[in-house]
Each structure stands twice: as structure tokens, then as C-alpha cells.
Amino acid sequence: MMTDRTLTIRARVNSRANASAYLKRPGDAVIVDRQGPRWLVLSCPCGCGSEVPVNLDRRAGPAWRLYESPKGTSVYPSVWRDTDCESHFIIWRDNIHMIGARYGESWADEVEEDEDDLLQRVLEVLSDRDQSAEEISDQIPGSEPWDILHVCRRLCLLGKALEGRQHARGHFRRS
Ligand SMILES: [Zn+2]
């Protein structure tokens, strides 16, 4: 697995204006929380120095989901800057994986120890209807979409699941 940066949550603050002071190094991050997480603001992992705001609040438009567990902090789906450095990255269990042509896409080659258990649970949830990794994750307490995506792709290789094409990429059903 190619790990490029560590995500470090430096603080939880109640206003976005208070975030900047904590963002000193690439991968430094602050959670803006006002009765629930509103923003993850991080210093761009590419090192360009930009502050990257990631919306976590569905009421404020397209939103990412934040997962916090003893294994670390994850954000789903990937974050893609469409300006300046145009970095594209995945935040998975406190690791920031840069993806795209410059970096390769080998972020999930590692097999987790507890994966066989998750594999069984995913199989139970798969149906003959396409479901996104997020939908599948919502039915398995304690799971995160990145793990689900990884397990589903493994099930495809084993011939037990099918992945949709084009707009249904990242959606899976029982084969
Ligand atoms: Zn950058």
C-alpha cells in the first residue's frame, strides 16, 4: 500500500475561522463541529499549502461522510480538488493516499486481517439490486465504505459479486 501522508486531527473547533491556526503541515486537519461535524478543513496533502475544506453537512450541499473509530479517521468518498494543484486523494484510517496518474492507484492492495469476517457480512447484504459501497456499509455496523469497496472488489475477483459499469461503478450486486 502506498501511504503518502498521515492525517492528523489537530483540533475540533466551532467555527471555520478558527481552523487556520492549526494547519501547519500537509495532512494537518481540523474538524469544525457545531452540533455535529460541519467541515473537515485540512492542509493539502500534496504540500502546496492550500487549505482544503471538505463539507460534512448534507444540508449545505454535496457532502462527504466522516467516520471516526479507534482505527482512525476516514472520509468517503475521495476528495478531488478541481483547482490549483488538482490533488485527488483518499482519507482512510488516518492515512492519506494520493491517487491519479502521478501516484498510481494501489491504495488498497493490502489485505486486512479481519477481512474474511467482513467478506461474509457483505455477502449477506448483497442482493440482486445494485448497491453503493455506502449503502452496503450502512447495513453493517462498524464498517466504512472504503473497506466495503475493497471487499466487494475481492468478491468480484472470486466470482461472487458483480460491479456495475460506467455510472454504476462502485455499485455491487450478487453474481
Ligand atoms: Zn495541493
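Structure's up top.
Counting of residues starts from 1 at the beginning of each chain's written sequence and follows it residue by residue. With pLDDT at 70 or above as the cut-off, local features in this predicted model cover only qualifying residues; side-chain atom pairs require 80 or more to be listed or tallied, and sums for whole chains, interfaces and linings still use all residues.

### Quick look at the sheet that holds strand 5 (residues 51–55)
In plain terms, the rule: The pairing criterion is simple: DSSP has to find at least two bridges between the two strands. Runs of H or I in DSSP of at least four residues are treated as helices and runs of E of at least two as strands, each being numbered from the N terminus. Note on geometry: axes are lines fitted to C-alpha atoms, helical ones only across the stretch in contact, with angles between N-to-C directions running from 0 to 180 degrees.
Taken in spatial order, the 4 strands line up as 2-3-4-5 in an open sheet, and their pairing is mixed. Of all strands in the sheet, those with a lone pairing partner are strand 2 (8–13) and strand 5, marking the two edges. Each strand axis lies, on average, 20° off the axis of its neighbour in the sheet, ignoring direction. The pairing of strand 2 with strand 3 (residues 28–33) spans 5 bridges and is classified as parallel. For Thr8, the partnering residue across the bridge sits in strand 3 and is Asp28.

### Description of the sheet that holds strand 12 (residues 171–174)
The condition that has to hold: In this description, any two residues whose backbone-derived C-beta atoms lie within 7 Å of each other are considered to be in contact.
Taken in spatial order, the 3 strands of this open sheet run 10-12-11, and their pairing is antiparallel. Edge positions in the sheet fall to strand 10 (131–132) and strand 11 (161–163), since each of these pairs with one other strand and no more. Pairing between strand 11 and strand 12: 3 bridges, direction antiparallel. Note on strand 12: the bridge partner recorded for Ala161 is Arg174. Docked against the sheet, helix 3 (residues 145–157) engages strand 11 and strand 12, running at close to 110° with respect to strand 11.

### Considering the pairing of strand 12
Pairing geometry for strand 10 and strand 12, over 2 bridges, is antiparallel. Residue pairing for strand 12: Ser132 is matched across the bridge by His171.

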